[in-house]
Amino acid sequence: MKEVIRHLPTKGVVLRYTNFNEADRMLTIFSPELGKISVLARGCRKAKSRFLAATELFCYGEYTLYRRGDFHIMTQANILDSFYEIRNDMDKLLYASYVINLTEEVVSPGQGDIHLFYLLLQTLSYFSYSDLDPELITHVFEIKLLDHIGYRPVLDKCIACGSNKGPYHFDIREGGLVCANCYNTNIIGNNIQMGTIKTIEYVLDMDMNRINVLKIPSSIKEELDTILKAYIEERIDKKLKSRKFIDDFKGKNRKR
Ligand SMILES: [Zn+2]
């Protein structure tokens, strides 16, 4: 029987690649309909390949694929946006790399996620085309991602006893605030100021387009950075290398 080859056009963003052989590349692409997929781009690193630009990190393209077992083979690629500007700025590159790594952690093969796909596209657009602080863009992405995957933090009351009297701590294991009484019993939780709580609440319900007018004071930004990092690591049960690169880079800049 003749093998049936189904050519499948899908949009996608390149989250990762591995070079192998002389000129081949295996990609991890996030497709809004197919979720996370492995895609072989044959010969894409040859000097005159039409595919090379479409197989770079962050590239948003329309890919024609056919399925071969548990991966796909790319037969055509049409770049919709390469988000090239991200590569010209060290800060943007570091934060955007972390954002695509985090996306890769939460998407699964075979499970499309149109909402997350458009959140990622918007985020990459802000990195590429705006002068907004890449750290701010990243924190907005993180907060919206947490909400989307079911880890919206409880911020209006103590998660243990229900008290709505501050001051509070933030319990990364339970994903919410704990009041002073409960904190004193268990001593689990990070410091959290009212301003940080309000900022997270605001971002949770903010339309992504409002990011232009979002201002976060530096004292809150630092606390937000610490809490989001700890909360995400707890949820995905992993420390991402790209997140560590950001800390190393920031540490080096501070010492200078
Ligand atoms: Zn309590």
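Cut-off values and rules
- Residues numbered from 1 in each chain as written.
- Predicted model: local features only at pLDDT ≥ 70, side-chain atom pairs only at ≥ 80, totals over all residues.
- Heavy atoms only, no water.
- 1 Å grid on protein atoms, 1.4 Å probe; cavity = no way out; pocket = protein on both sides within 12 Å on 5 of 7 lines; lining within 4 Å.
- Points joined across faces, edges and corners; volume = space filled by probe spheres on them.
- Helix = DSSP H or I, 4+ residues; strand = E, 2+ residues; numbered from the N terminus.
- Nonpolar A, V, L, I, M, F, W, Y, C, P; charged D, E, K, R; others polar.
- Donors = N, O, S within 2.8 Å, 3.2 Å for Na, K, Ca; no water.
- Tetrahedral: all angles 85-135°; square planar, octahedral: opposite > 155°, others 65-115°.
- Buried < 20%, exposed > 50% of the residue type's maximum accessible area, 1.4 Å probe, protein only.
- Pairing = 2+ DSSP bridges.

**Q** What am I meant to see in empty space enclosed by the protein here?
**A** Applying the stated rule across the entire model yields 3 cavities of 30 Å³ or more. Approximately 60 Å³ is the volume found for the largest cavity. In this structure, the largest cavity is lined by Ile 143, Leu 146, Pro 153, Phe 170, Ile 200, Leu 204, Ile 227, Leu 228 and Tyr 231. The set of elements that each furnish at least two residues to the lining of the largest cavity consists of helix 3 (134–148), helix 5 (194–205) and helix 6 (218–236). The element that contributes the greatest number of residues to the lining of the largest cavity is helix 6, accounting for 3 residues. Counted by class, the lining of the largest cavity contains 9 nonpolar, no polar and no charged residues.

**Q** How do you make sense of the coordination of the zinc ion when you look at a structure like this?
**A** Six octahedral donors around a metal ideally sit at 90 or 180 degrees from one another, while four tetrahedral donors ideally sit at 109.5 degrees. Those donors, Cys 158 (SG), Cys 161 (SG), Cys 179 (SG) and Cys 182 (SG), are the protein atoms that reach the zinc ion, and they lie 2.3 Å from it. Between the 4 donor atoms coordinating the zinc ion, the angles at the centre fall across 108 to 115°, so the site counts as tetrahedral. If you list the donors of the zinc ion from N- to C-terminus, the spacing comes out as C-x2-C-x17-C-x2-C. An identical accessibility class is assigned to Cys 179 and Cys 182; each is buried.

**Q** Sorry if this is basic, but what is going on with the pairing of strand 8 (residues 176–179) here?
**A** In this structure, strand 6 (residues 154–158) lies alongside strand 8, joined through 2 bridges in parallel fashion. Directly across from Cys 158, in strand 8, lies its bridge partner Leu 177. Taken together, the 4 bridges between strand 7 (residues 168–171) and strand 8 define a ladder with antiparallel strand orientation. Note on strand 8: the bridge partner recorded for Asp 171 is Gly 176.

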